[in-house]
Amino acid sequence: MYQVSREIDFCYGHRLLNYSGKCRNLHGHNGLLVITFEAASLDELGMVLDFTDIKRVVQGWIDEHLDHRMILHRQDPVVPVLQEMGEPLFLMDENPTAENIARLIFDYVFQKGLPVVETRLWETPRCAAVYRP
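Residues numbered from 1 in each chain as written. Predicted model: local features only at pLDDT ≥ 70, side-chain atom pairs only at ≥ 80, totals over all residues. Heavy atoms only, no water.

Participant: Explain the pattern of salt bridges here, please?
Facilitator: Oppositely charged side chains are able to pair whenever their charged atoms sit close together. Scanning the model with the defined rule gives six salt bridges in all. With a shortest N-O distance of 3.3 Å, Asp53 and Arg56 are connected by a salt bridge. In this pair, Asp53 and Arg56 both sit in helix 1 (residues 51-65), three residues apart, roughly one turn of the helix. Classification of Arg56 as exposed rests on a relative accessible area of 56%. The structure contains a network of salt bridges with shared partners spanning Glu118, Arg120 and Arg132. (Salt bridge = Lys/Arg side-chain N within 4 Å of Asp/Glu carboxyl O. Helix = DSSP H or I, 4+ residues; strand = E, 2+ residues; numbered from the N terminus. Buried < 20%, exposed > 50% of the residue type's maximum accessible area, 1.4 Å probe, protein only.)

Following this line, the structure appears as structure tokens:
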């Protein structure tokens with residue numbers, strides 16, 4: 001098996017509903033995504049996947065939808081206020097935990113047909129969430 005990984009940095013804010021710790025408040029992160037792809041054999045160029053294609057597909061989507069946005073549960077009571085202010089939001093059907101954001105990115109990339117096997121989202125330099133099916 002061959003694997004390649006790419007790191008993608010992005011900034012985002014969020015908060016967790018029904019949570020009693022500090023993360024119940026709006027706050028931000030400098031996230032680091034490590035996304036891994038796998039193939040049993042290499043393509044005609046000797047690659048699992050071209051790093052340029054990873055950047056175009058994955059980082060392009062993250063830049064457009066997640067970077068410098070508040071990622072919130074769609075039922076969060078602050079959503080209408082932020083929408084009225086014109087703040088950039090990304091709304092989820094579940095709590096925007098690092099685990100759920102890692103799965104969100106995985107699902108998008110998988111739907112695009114890329115051979116993704118794992119997404120690892122570093123929310124802080126010491127805390128990461130991993131999703132792999």
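Back to the text.
Participant: When you look at the sheet that holds strand 3 (residues 69-73) in this model, what are you seeing that I'm missing?
Facilitator: Each strand in a sheet pairs with another by means of backbone hydrogen bonds, the pair being arranged parallel or else antiparallel. The strand order across the open sheet built from six strands is 4-3-1-2-5-6, with neighbouring strands paired in mixed fashion. Two strands lie at the open edges of the sheet, namely strand 4 (89-92) and strand 6 (127-131), each paired on one side alone. Geometrically, the sheet is characterised by an average inter-axis angle of 35° between neighbouring strands, direction not taken into account. As paired elements, strand 1 (residues 2-14) and strand 2 (residues 27-39) share 13 bridges and run antiparallel to each other. The partner of Cys11 across the bridge, within strand 2, is Asn30. Helix 1 contacts strand 1, strand 2, strand 3 and strand 4 of the sheet and is inclined by roughly 15° relative to strand 1. Contacts from helix 3 (residues 98-111) reach strand 1, strand 2, strand 3, strand 4, strand 5 (116-124) and strand 6 within the one sheet, and its direction differs from that of strand 5 by about 145°. (Pairing = 2+ DSSP bridges. Axes fitted to C-alpha atoms, helices over the stretch in contact; angles between N-to-C directions. Contact = heavy atoms within 4.5 Å.)

Participant: Can you help me understand helix 3 in this one?
Facilitator: Note: α-helices contain 3.6 residues per turn, so residues at a spacing of three or four share the same orientation. Spanning 14 residues, helix 3 covers 20 Å between terminal C-alpha atoms, matching the ideal 20 Å at 1.5 Å per step. For helix 3, the full list of buried residues reads Ala98, Ile101, Ala102, Leu104, Ile105, Phe106, Tyr108 and Val109. (Expected span 1.5 Å × (residues − 1).)

Participant: Hey, could you run me through the packing of aromatic side chains in this one?
Facilitator: To describe a pair of aromatic rings, you give the distance between the ring centres and the angle between the ring planes. Taken as a whole and judged by the stated rule, the model has five aromatic pairs. Connected via pairs of aromatic rings, a cluster forms that spans Trp61, Phe90 and Tyr108. (Phe/Tyr/Trp six-rings, centres within 6.5 Å; stacked < 30°, edge-to-face > 60°.)

Participant: Looking at this model, I keep getting lost on the pairing of strand 3. Mind explaining?
Facilitator: For a regular strand, side chains alternate in direction, first toward one face of the sheet and then toward the other. Most of strand 3 sits out of view: four of its five residues are buried. With four bridges joining them, strand 3 and strand 4 adopt parallel strand pairing. If you follow Ile71 over to strand 4, its bridge partner there is Phe90. Regarding topology, helix 2 (residues 79-84) serves as the crossover connection from strand 3 to the parallel strand 4, and that connection is right-handed. (Right-handed = clockwise from strand over helix to strand, strands pointing away.)

Participant: For this particular structure, what's the right way to read unusual backbone geometry?
Facilitator: Most peptide bonds take the trans configuration, and most residues that are not glycine carry a negative phi. Its identity is not glycine, yet Asn18 carries a phi of approximately 55°, on the positive side. By the secondary structure assignment, Asn18 is in the loop between strand 1 and strand 2. A relative accessible area of 86% means that Asn18 is categorised as exposed. Phi at His68 is positive, roughly 55°, even though this residue is not glycine.

Participant: I'm lost on the environment of Asp9 in this one. Help?
Facilitator: Looking at the secondary structure, you find Asp9 in strand 1. Classification of Asp9 by relative accessible area gives exposed; the value is 57%. Linking Asp9 and Ala39, residues 30 residues apart in sequence, is a C-alpha distance of 24 Å. With residues up to four places along the chain from it excluded, the contact list for Asp9 reads Gly31 and Leu32.

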